[in-house]
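Chain by chain, the residues run as shown.
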Amino acid sequence: RDIITPADSDRHQKLVGHSPSFNEMLTLINLVAPSDTSVSLLGESGTGKEVISSTIHRLSNRANGPFVPVDCSGLSEGLFESELFGHEKGAFTDAKTSKKGLFEMADGGTVFLDEIGDIPLATQVKLLRALEDNAFQRLGGTELIRCDVRIIAATHQNLEEHVQKGLFREDLFHRLNVIRIHIPALRERREDIALLLKVFLAAAAKELDVEPKILLPEVEEYMSQLDWPGNVRQLENICRWITVMASGQEVHMEDLPPELKTPQE
(Lines give C-alpha, C1' and ligand atoms only; values in the text may rest on other atoms or scores of the structure.)
Protein backbone atom coordinates (compact mmCIF):
# COMPACT_ATOMS: atom_id res chain seq x y z
CA ARG A 1 0.00 0.00 0.00
CA ASP A 2 1.07 3.60 -0.52
CA ILE A 3 2.49 5.48 2.41
CA ILE A 4 3.50 9.10 2.61
CA THR A 5 7.13 9.84 3.50
CA PRO A 6 9.04 12.97 4.53
CA ALA A 7 10.54 13.00 1.02
CA ASP A 8 7.10 13.54 -0.55
CA SER A 9 6.72 17.06 -1.82
CA ASP A 10 3.52 16.74 -3.76
CA ARG A 11 2.84 20.42 -4.41
CA HIS A 12 -0.83 19.85 -4.86
CA GLN A 13 -1.13 18.25 -1.42
CA LYS A 14 1.15 20.79 0.29
CA LEU A 15 2.13 18.12 2.82
CA VAL A 16 5.81 18.99 2.99
CA GLY A 17 8.34 18.86 5.81
CA HIS A 18 11.10 17.00 7.61
CA SER A 19 11.01 18.40 11.17
CA PRO A 20 10.58 16.01 14.15
CA SER A 21 7.01 17.20 14.90
CA PHE A 22 6.04 16.87 11.23
CA ASN A 23 7.56 13.37 10.99
CA GLU A 24 5.71 12.33 14.14
CA MET A 25 2.45 13.45 12.52
CA LEU A 26 3.29 11.55 9.29
CA THR A 27 3.91 8.38 11.29
CA LEU A 28 0.44 8.66 12.84
CA ILE A 29 -1.16 9.37 9.44
CA ASN A 30 0.43 6.22 7.98
CA LEU A 31 -0.74 4.15 10.96
CA VAL A 32 -4.37 5.31 11.01
CA ALA A 33 -5.03 5.62 7.26
CA PRO A 34 -5.73 1.93 6.46
CA SER A 35 -8.26 1.51 9.30
CA ASP A 36 -11.86 2.73 9.36
CA THR A 37 -11.38 4.36 12.74
CA SER A 38 -12.69 7.88 13.36
CA VAL A 39 -9.88 10.44 13.52
CA SER A 40 -9.77 13.88 15.16
CA LEU A 41 -7.33 16.45 13.78
CA LEU A 42 -6.40 19.09 16.34
CA GLY A 43 -4.58 22.22 15.31
CA GLU A 44 -4.75 25.96 14.75
CA SER A 45 -6.47 27.51 11.74
CA GLY A 46 -4.37 27.35 8.58
CA THR A 47 -2.32 24.29 9.59
CA GLY A 48 -3.68 22.22 6.69
CA LYS A 49 -6.37 20.06 8.28
CA GLU A 50 -8.24 19.48 5.00
CA VAL A 51 -5.02 18.53 3.18
CA ILE A 52 -4.20 16.03 5.93
CA SER A 53 -7.71 14.56 5.97
CA SER A 54 -7.69 14.11 2.17
CA THR A 55 -4.25 12.45 2.49
CA ILE A 56 -5.64 9.99 5.07
CA HIS A 57 -8.51 9.25 2.66
CA ARG A 58 -6.10 8.82 -0.27
CA LEU A 59 -4.02 6.28 1.72
CA SER A 60 -7.07 4.40 3.01
CA ASN A 61 -9.02 1.42 1.70
CA ARG A 62 -11.69 3.97 0.73
CA ALA A 63 -9.44 5.85 -1.71
CA ASN A 64 -11.70 4.98 -4.67
CA GLY A 65 -14.77 6.32 -2.84
CA PRO A 66 -15.78 9.99 -2.48
CA PHE A 67 -13.99 12.45 -0.20
CA VAL A 68 -16.57 14.99 1.00
CA PRO A 69 -15.35 18.01 3.03
CA VAL A 70 -17.93 19.88 5.14
CA ASP A 71 -17.15 23.32 6.61
CA CYS A 72 -19.31 23.23 9.74
CA SER A 73 -18.50 26.87 10.56
CA GLY A 74 -19.95 27.93 7.19
CA LEU A 75 -23.42 26.44 7.75
CA SER A 76 -26.27 28.23 9.48
CA GLU A 77 -27.98 26.28 12.27
CA GLY A 78 -31.11 25.75 10.19
CA LEU A 79 -29.15 24.26 7.28
CA PHE A 80 -27.06 21.70 9.16
CA GLU A 81 -29.40 18.74 9.15
CA SER A 82 -30.52 19.31 5.56
CA GLU A 83 -26.91 19.63 4.31
CA LEU A 84 -25.62 16.56 6.15
CA PHE A 85 -28.58 14.23 5.72
CA GLY A 86 -30.62 15.71 2.86
CA HIS A 87 -34.33 16.52 2.79
CA GLU A 88 -37.55 15.39 1.17
CA LYS A 89 -39.73 17.61 -0.99
CA GLY A 90 -41.86 19.82 1.25
CA ALA A 91 -39.72 19.25 4.37
CA PHE A 92 -39.55 23.05 4.72
CA THR A 93 -40.80 26.08 2.79
CA ASP A 94 -38.03 26.21 0.15
CA ALA A 95 -37.77 22.42 -0.30
CA LYS A 96 -39.24 22.29 -3.81
CA THR A 97 -37.55 18.94 -4.55
CA SER A 98 -35.91 16.12 -2.62
CA LYS A 99 -32.17 16.47 -2.12
CA LYS A 100 -29.39 14.05 -1.16
CA GLY A 101 -27.28 15.08 1.82
CA LEU A 102 -23.50 15.03 2.04
CA PHE A 103 -23.51 11.73 3.97
CA GLU A 104 -25.42 10.03 1.16
CA MET A 105 -22.99 11.48 -1.41
CA ALA A 106 -20.04 10.16 0.62
CA ASP A 107 -21.30 6.57 0.82
CA GLY A 108 -18.29 4.23 0.59
CA GLY A 109 -15.88 7.12 1.23
CA THR A 110 -14.88 9.68 3.82
CA VAL A 111 -16.65 12.70 5.32
CA PHE A 112 -14.35 15.43 6.63
CA LEU A 113 -16.17 17.55 9.23
CA ASP A 114 -14.13 20.73 9.63
CA GLU A 115 -14.77 22.81 12.77
CA ILE A 116 -16.87 20.05 14.31
CA GLY A 117 -17.39 22.18 17.44
CA ASP A 118 -19.81 24.39 15.51
CA ILE A 119 -22.40 21.63 14.95
CA PRO A 120 -25.62 22.50 16.86
CA LEU A 121 -26.67 20.14 19.67
CA ALA A 122 -29.84 19.03 17.86
CA THR A 123 -27.81 17.89 14.83
CA GLN A 124 -25.19 16.27 17.10
CA VAL A 125 -27.87 13.79 18.27
CA LYS A 126 -28.71 12.78 14.70
CA LEU A 127 -25.02 12.61 13.73
CA LEU A 128 -24.25 10.27 16.64
CA ARG A 129 -27.19 8.02 15.70
CA ALA A 130 -26.09 7.95 12.04
CA LEU A 131 -22.55 6.93 13.06
CA GLU A 132 -23.75 4.22 15.45
CA ASP A 133 -26.40 2.74 13.13
CA ASN A 134 -24.75 3.47 9.75
CA ALA A 135 -28.16 4.81 8.77
CA PHE A 136 -30.22 8.01 8.91
CA GLN A 137 -33.42 9.61 7.65
CA ARG A 138 -33.58 12.66 5.43
CA LEU A 139 -35.21 15.74 6.92
CA GLY A 140 -38.96 15.26 6.53
CA GLY A 141 -38.47 11.63 5.47
CA THR A 142 -39.38 8.27 6.98
CA GLU A 143 -37.19 5.94 4.90
CA LEU A 144 -34.03 4.67 6.62
CA ILE A 145 -31.03 5.31 4.35
CA ARG A 146 -27.98 3.11 4.86
CA CYS A 147 -24.59 4.82 4.73
CA ASP A 148 -21.03 3.57 5.02
CA VAL A 149 -18.78 6.53 5.75
CA ARG A 150 -15.59 7.13 7.66
CA ILE A 151 -15.48 10.33 9.70
CA ILE A 152 -12.47 12.60 10.03
CA ALA A 153 -13.25 15.56 12.27
CA ALA A 154 -11.19 18.68 12.86
CA THR A 155 -11.29 21.61 15.22
CA HIS A 156 -9.13 24.40 16.60
CA GLN A 157 -11.44 24.64 19.63
CA ASN A 158 -11.12 22.88 22.99
CA LEU A 159 -13.88 20.26 22.69
CA GLU A 160 -13.33 19.02 26.27
CA GLU A 161 -14.34 22.51 27.46
CA HIS A 162 -17.35 22.44 25.11
CA VAL A 163 -18.40 19.11 26.67
CA GLN A 164 -18.07 20.50 30.20
CA LYS A 165 -20.18 23.54 29.26
CA GLY A 166 -22.86 21.35 27.68
CA LEU A 167 -22.19 22.69 24.18
CA PHE A 168 -20.99 19.35 22.78
CA ARG A 169 -22.31 15.88 23.53
CA GLU A 170 -19.88 13.74 25.50
CA ASP A 171 -20.95 10.52 23.75
CA LEU A 172 -20.34 12.09 20.31
CA PHE A 173 -17.00 13.48 21.52
CA HIS A 174 -15.82 9.96 22.45
CA ARG A 175 -17.21 8.49 19.22
CA LEU A 176 -15.23 10.97 17.09
CA ASN A 177 -12.15 11.12 19.26
CA VAL A 178 -10.89 7.53 18.87
CA ILE A 179 -7.53 8.64 17.44
CA ARG A 180 -6.21 12.18 17.81
CA ILE A 181 -3.57 13.70 15.59
CA HIS A 182 -2.00 17.00 16.64
CA ILE A 183 -1.07 19.15 13.65
CA PRO A 184 1.87 21.33 14.65
CA ALA A 185 1.70 25.07 14.10
CA LEU A 186 4.30 26.47 11.71
CA ARG A 187 6.25 28.04 14.61
CA GLU A 188 6.58 24.50 16.05
CA ARG A 189 8.29 23.27 12.86
CA ARG A 190 10.50 26.18 11.81
CA GLU A 191 12.94 23.76 10.12
CA ASP A 192 10.26 23.21 7.45
CA ILE A 193 9.70 26.86 6.53
CA ALA A 194 12.58 27.13 4.01
CA LEU A 195 11.38 23.98 2.20
CA LEU A 196 7.76 25.19 2.20
CA LEU A 197 8.86 28.58 0.82
CA LYS A 198 10.56 26.86 -2.14
CA VAL A 199 7.53 24.66 -2.82
CA PHE A 200 5.01 27.52 -2.57
CA LEU A 201 7.13 29.95 -4.64
CA ALA A 202 7.50 27.29 -7.35
CA ALA A 203 3.75 26.57 -7.28
CA ALA A 204 2.86 30.29 -7.47
CA ALA A 205 5.28 30.78 -10.40
CA LYS A 206 3.72 27.85 -12.25
CA GLU A 207 0.22 29.15 -11.56
CA LEU A 208 1.13 32.61 -12.88
CA ASP A 209 3.39 31.29 -15.68
CA VAL A 210 6.50 33.22 -14.54
CA GLU A 211 10.00 32.29 -13.34
CA PRO A 212 10.12 31.32 -9.63
CA LYS A 213 11.34 34.04 -7.28
CA ILE A 214 14.55 33.39 -5.35
CA LEU A 215 14.80 34.54 -1.72
CA LEU A 216 18.09 36.03 -0.61
CA PRO A 217 19.55 34.03 2.35
CA GLU A 218 18.83 36.81 4.86
CA VAL A 219 15.19 36.99 3.68
CA GLU A 220 14.74 33.22 4.03
CA GLU A 221 16.35 33.35 7.48
CA TYR A 222 14.11 36.25 8.55
CA MET A 223 10.95 34.51 7.30
CA SER A 224 11.94 31.30 9.12
CA GLN A 225 12.04 33.21 12.41
CA LEU A 226 8.54 34.69 12.14
CA ASP A 227 5.64 33.22 14.15
CA TRP A 228 3.18 32.82 11.22
CA PRO A 229 -0.11 33.10 13.19
CA GLY A 230 -1.96 32.07 10.01
CA ASN A 231 0.32 29.03 9.63
CA VAL A 232 0.84 27.24 6.29
CA ARG A 233 -2.11 29.03 4.66
CA GLN A 234 -0.57 32.43 5.48
CA LEU A 235 2.86 31.33 4.21
CA GLU A 236 1.35 30.13 0.92
CA ASN A 237 -0.55 33.40 0.43
CA ILE A 238 2.59 35.44 1.14
CA CYS A 239 4.50 33.42 -1.50
CA ARG A 240 1.77 34.22 -4.01
CA TRP A 241 1.96 37.92 -3.02
CA ILE A 242 5.78 37.97 -3.44
CA THR A 243 5.49 36.29 -6.86
CA VAL A 244 3.15 39.05 -8.06
CA MET A 245 4.62 42.07 -6.29
CA ALA A 246 8.43 41.64 -6.04
CA SER A 247 10.00 43.59 -8.91
CA GLY A 248 13.10 41.45 -9.58
CA GLN A 249 13.68 37.71 -9.57
CA GLU A 250 15.73 37.95 -6.37
CA VAL A 251 13.64 38.84 -3.32
CA HIS A 252 15.14 41.44 -0.93
CA MET A 253 13.90 42.43 2.53
CA GLU A 254 12.24 45.53 1.07
CA ASP A 255 10.19 43.30 -1.27
CA LEU A 256 8.32 41.69 1.63
CA PRO A 257 4.74 42.79 2.35
CA PRO A 258 4.34 45.47 5.05
CA GLU A 259 2.69 43.12 7.57
CA LEU A 260 5.86 40.99 7.71
CA LYS A 261 8.09 43.98 8.42
CA THR A 262 6.20 45.15 11.51
CA PRO A 263 6.48 43.30 14.84
CA GLN A 264 3.90 40.52 14.95
CA GLU A 265 1.55 40.21 17.89
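Residues numbered from 1 in each chain as written. Predicted model: local features only at pLDDT ≥ 70, side-chain atom pairs only at ≥ 80, totals over all residues. Heavy atoms only, no water.

A. Structural detail: a nonpolar patch on the surface. Among the surface-exposed residues, Leu-208, Val-210, Trp-241, Val-244 and Met-245 lie close enough to one another that they form a single nonpolar patch of about 440 Å² accessible area. Top element by residues in the nonpolar patch is helix α10 (residues 231–245). It accounts for three residues. In this structure, Trp-241 sits in helix α10. (Patch = residues over 30% accessible without salt bridge, like charges linked within 9 Å, V, L, I, M, F, W, Y side chains within 5 Å. Areas by Shrake-Rupley, 256 points an atom, 1.4 Å probe, with all protein chains shown as cover. Salt bridge = Lys/Arg side-chain N within 4 Å of Asp/Glu carboxyl O. Helix = DSSP H or I, 4+ residues; strand = E, 2+ residues; numbered from the N terminus.)

B. Highlighting the sheet that holds strand β7 (residues 179–182). Overall, parallel pairing links the five strands, which are arranged β2-β3-β6-β1-β7 in an open sheet. The sheet is open, and its two edges are formed by β2 (67–71) and β7, each paired on a single side. For this sheet the average axis-to-axis angle between neighbouring strands, irrespective of direction, equals 20 degrees. Alignment of strand β1 (residues 39–42) against β7, held across four bridges, turns out to be parallel. Looking at β7, one finds that Ser-40 is bridged to Arg-180. (Pairing = 2+ DSSP bridges. Axes fitted to C-alpha atoms, helices over the stretch in contact; angles between N-to-C directions.)

C. A look at the side chain of Lys-126. Its place among the elements puts Lys-126 in helix α5 (residues 121–133). A distance of 2.5 Å separates a polar atom in the side chain of Lys-126 from the backbone oxygen of Gln-137. Those residues in contact with Lys-126 that sit more than four places away from it in its chain are Glu-81, Phe-85, Gln-137, Arg-138 and Leu-139. (Polar contact = N/O pair within 3.5 Å; in protein donor to acceptor, adjacent residues only side chain to side chain. Contact = heavy atoms within 4.5 Å.)

D. Quick peek at the side chain of His-162. Secondary-structure assignment places His-162 in helix α6 (residues 159–164). With sequence-adjacent residues up to four places away left out, His-162 is seen in contact with Gly-117, Gln-157, Leu-167 and Phe-168.

E. Region of the structure containing unusual backbone geometry. Positive phi values are uncommon outside glycine, yet Glu-115 reaches one of about 55 degrees. Positive phi, close to 55 degrees, is recorded for Asn-134, a residue that is not glycine.

F. The pattern of salt bridges, seen in detail. Within the structure shown, the criterion is met by 14 salt bridges. Between Glu-104 and Arg-138 there is a salt bridge, and its shortest N-O distance comes to 2.9 Å. Highlighted residues: Glu-104 in helix α4 (residues 102–105) and Arg-138 in the loop between β4 (135–136) and β5 (145–146), separated in sequence by 34 residues. Given a relative accessible area of 16%, Glu-104 falls into the buried group. Judged by its relative accessible area of 13%, Arg-138 falls in the buried class. Across the pair Glu-160 and Arg-180 runs a salt bridge, and its minimum N-O distance is 3.1 Å. With a gap of 20 residues between them, Glu-160 in helix α6 and Arg-180 in strand β7 connect regions that are remote in the sequence. In this structure Glu-160 comes out as partly exposed when scored by relative accessible area, which is 32%. (Buried < 20%, exposed > 50% of the residue type's maximum accessible area, 1.4 Å probe, protein only.)

G. A look at the nonpolar core. In terms of nonpolar packing, the biggest core is built from 30 residues, with Val-70, Phe-103, Leu-113, Ile-116 and Leu-127 touching the most fellow members. Going through the elements one at a time, β2, α3 (80–85), α4, β3 (110–114), α5, β6 (150–155), α6 and α7 (170–176) are the ones with two or more residues in this core. Among the elements that take part in this core, α5 stands out by supplying four residues, more than any other. Within the second largest apolar cluster, 23 residues are counted, among which are Leu-215, Leu-226, Ile-238 and Cys-239. (Core = buried A, V, L, I, M, F, W, Y, C linked by side-chain atoms within 4.5 Å.)

H. Local environment of the pairing of β2. Residues Val-68 and Val-70 line the buried face of β2, whereas the alternating positions Phe-67, Pro-69 and Asp-71 sit on a face that is not buried. Across five bridges, the pairing between β2 and β3 is parallel. If you follow Pro-69 over to β3, its bridge partner there is Phe-112.

I. Looking closely at the environment of Leu-208. Looking at the secondary structure, you find Leu-208 in helix α8 (residues 193–208). In this structure the C-alpha to C-alpha distance between Leu-208 and Ala-194, which are 14 residues apart in sequence, comes to 21 Å. Apart from residues no more than four positions distant in its own chain, Leu-208 is found in contact with Thr-243 and Val-244.

J. Seen up close, the confidence of the model for the chain. Residues at a pLDDT of 70 or more form 93% of the chain, whose mean pLDDT is 89. Counted against residues more than four places away or in other chains, residues 1–12, with its pLDDT under 50, gives 25 contacts. (pLDDT = per-residue confidence, 0-100.)

K. Representation of the pairing of β3. Counting buried residues in β3 gives five out of five residues, a clear majority hidden from the surface. Burial along β3 is two-sided: Thr-110, Phe-112 and Asp-114 facing one way and Val-111 and Leu-113 facing the other are all buried.

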